[in-house]
Amino acid sequence: MDKLKWKKVGSEHVIQDEWIDFRKETYELPDGTVSGPYYAFSRKSYAVIAAVDTEGKFLCVRQYRYGISEVTCEFAAGGIEVTGHRPSEAEALHAAKRELKEETGYVSDTWKHLLTIPSSATMNDDYAYIYLALNCHRVSEQKLDATEFLNVETYTEKELEEMIQTGKFQQAVHVLAYELVCRELYR
């Protein structure tokens with residue numbers, strides 16, 4: 001494995017602010033060749049919550065995603081508020097509970113961590129912490145951030161499966177979360 005590892009020999013910050021650290025990097029490859037530039041970025045890790053309400057329906061949010069210029073349907077999700085290290089399980093679960101309540105007004109007493117996975121190992125160093133929340137029930141109105149405009153919707157397993165198959169549930173990590181939940185609950 002060590003024979004495959006690249007050695008970073010240069011790094012230049014292209015943009016660095018509270019949201020992202022975008023870098024241009026140069027590496028020495030295993031054969032000694034120096035190659036670059038390779039672009040990489042750091043951002044906050046985040047929690048994705050596959051939430052199921054007391055009627056067995058999935059809680060989803062619909063919101064605009066500027067990356068693809070579309071309104072998408074996805075699970076509630078949000079950044080884990082830590083800096084300087086990979087979030088702990090406790091920090092990630094705290095963020096998951098916060099985001100579910102803020103984005104949907106729902107809470108759960110039944111949580112299960114399903115997977116922690118790099119969001120896109122090719123270019124960025126953040127992780128997606130995927131959770132299942134069962135028996136969710138509404139306790140409040142949404143408490144959205146200033147830039148969040150989203151609607152809460154519920155879907156049966158069959159409806160969500162059809163949305164995935166027809167490209168109407170598009171976030172890759174959220175599709176993975178759905179598949180993990182189905183493996184956990186239905187298969």
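Residues numbered from 1 in each chain as written. Predicted model: local features only at pLDDT ≥ 70, side-chain atom pairs only at ≥ 80, totals over all residues. Heavy atoms only, no water.

A. How the structure looks around the pairing of strand β5 (residues 58-65). Note that strand β4 (residues 46-53) and β5 share two bridges and pair antiparallel. Each residue of the ladder has a partner; that of Ala-51, found in β5, is Leu-59. If you look at the hairpin formed by β4 and β5, you'll find four residues sitting between the two strands, and Gly-56 has a positive phi there, around 85°. With six bridges joining them, β5 and strand β11 (residues 150-155) adopt antiparallel strand pairing. Within β11, the residue paired with Phe-58 across the bridge is Tyr-155. Between β5 and the antiparallel strand that follows it, strand β6 (residues 70-74), lie four residues; Ser-69 among them carries a positive phi value of about 55°. (Pairing = 2+ DSSP bridges. Helix = DSSP H or I, 4+ residues; strand = E, 2+ residues; numbered from the N terminus.)

B. Up close: unusual backbone geometry. In this structure, the amide linkage connecting Gly-36 to the following residue, Pro-37, adopts the cis form with an omega of 5°. In this fold, Pro-37 is placed in strand β3 (residues 34-42). We note that Ser-69 has phi near 55°; this positive angle belongs to a residue other than glycine. Among the structural elements, Ser-69 can be located in the loop between β5 and β6. A residue is classified by how much of its surface remains accessible, and Ser-69, at 52% relative accessible area, is exposed. (Buried < 20%, exposed > 50% of the residue type's maximum accessible area, 1.4 Å probe, protein only.)

C. Focus on the nonpolar core. Counting 24 residues, the largest nonpolar core has Val-48, Phe-58, Cys-60, Phe-75, Leu-160 and Phe-169 as the members making the most contacts within it. Sorting elements by how many residues they give to this core places helix α3 (residues 172-185) first, with six residues. Apart from residues lying up to four places away in sequence, Val-48 is in contact with Phe-75, Ala-76, Ala-77, Tyr-129, Ile-130, Tyr-131, Val-173, His-174 and Ala-177. Counting 17 residues, the second-largest nonpolar core is a separate cluster that includes Ile-49, Leu-59, Val-82 and Tyr-131. (Core = buried A, V, L, I, M, F, W, Y, C linked by side-chain atoms within 4.5 Å. Contact = heavy atoms within 4.5 Å.)

D. Expanded view of the pattern of salt bridges. Overall, the coordinates contain 12 salt bridges when judged by the stated rule. Through salt bridges with shared partners, one network takes in Lys-8, Asp-21, Arg-23 and Glu-25. (Salt bridge = Lys/Arg side-chain N within 4 Å of Asp/Glu carboxyl O.)

E. Representation of the side chain of Gln-63 in the model. Along the polypeptide, Gln-63 turns up in strand β5. Among the residues examined, Gln-63 registers a relative accessible area of 9% and is labelled buried. Among the polar contacts made by the side chain of Gln-63, one reaches the side chain of Glu-74 at a distance of 3.1 Å. Contacts of Gln-63, omitting those with residues within four sequence positions, involve Glu-70, Val-71, Thr-72, Glu-74, Phe-149 and Leu-150. (Polar contact = N/O pair within 3.5 Å; in protein donor to acceptor, adjacent residues only side chain to side chain.)

F. Layout of the packing of aromatic side chains. As enumerated under the stated definition, the model contains eight aromatic pairs in all. When the centroid spacing of 6.0 Å and the interplanar angle of 40° are considered together, the rings of Phe-58 and Phe-75 count as tilted. With Phe-58 in strand β5 and Phe-75 in the loop between β6 and β7 (76-79), the pair connects residues that are 17 residues apart, well separated along the chain. On the numbers, 5.1 Å between centres and 70° between planes, the contact of Phe-75 with Phe-169 is edge-to-face. You can see Phe-75 sitting in the loop between β6 and β7 and its partner Phe-169 sitting in the loop between α2 (157-165) and α3, a full 94 residues away along the chain. Using a relative accessible area of 2% as the deciding quantity, one classes Phe-169 as buried. An aromatic cluster of three or more residues is present, and its members are Phe-58, Phe-75, Phe-169 and Tyr-178. Stacked on the ring of Tyr-127, the Lys or Arg Arg-86 has its end atom at 3.7 Å from the ring centre. (Phe/Tyr/Trp six-rings, centres within 6.5 Å; stacked < 30°, edge-to-face > 60°. Lys NZ or Arg CZ within 6 Å of the ring centre and 35° of its normal.)

G. Representation of the confidence of the model for the chain. Taken over all residues, the pLDDT of the chain has a mean of 93, while the share at 70 or more is 97%. Mean pLDDT across the elements of the chain bottoms out in β3 (91) and peaks in strand β8 (residues 106-107) (98). (pLDDT = per-residue confidence, 0-100.)

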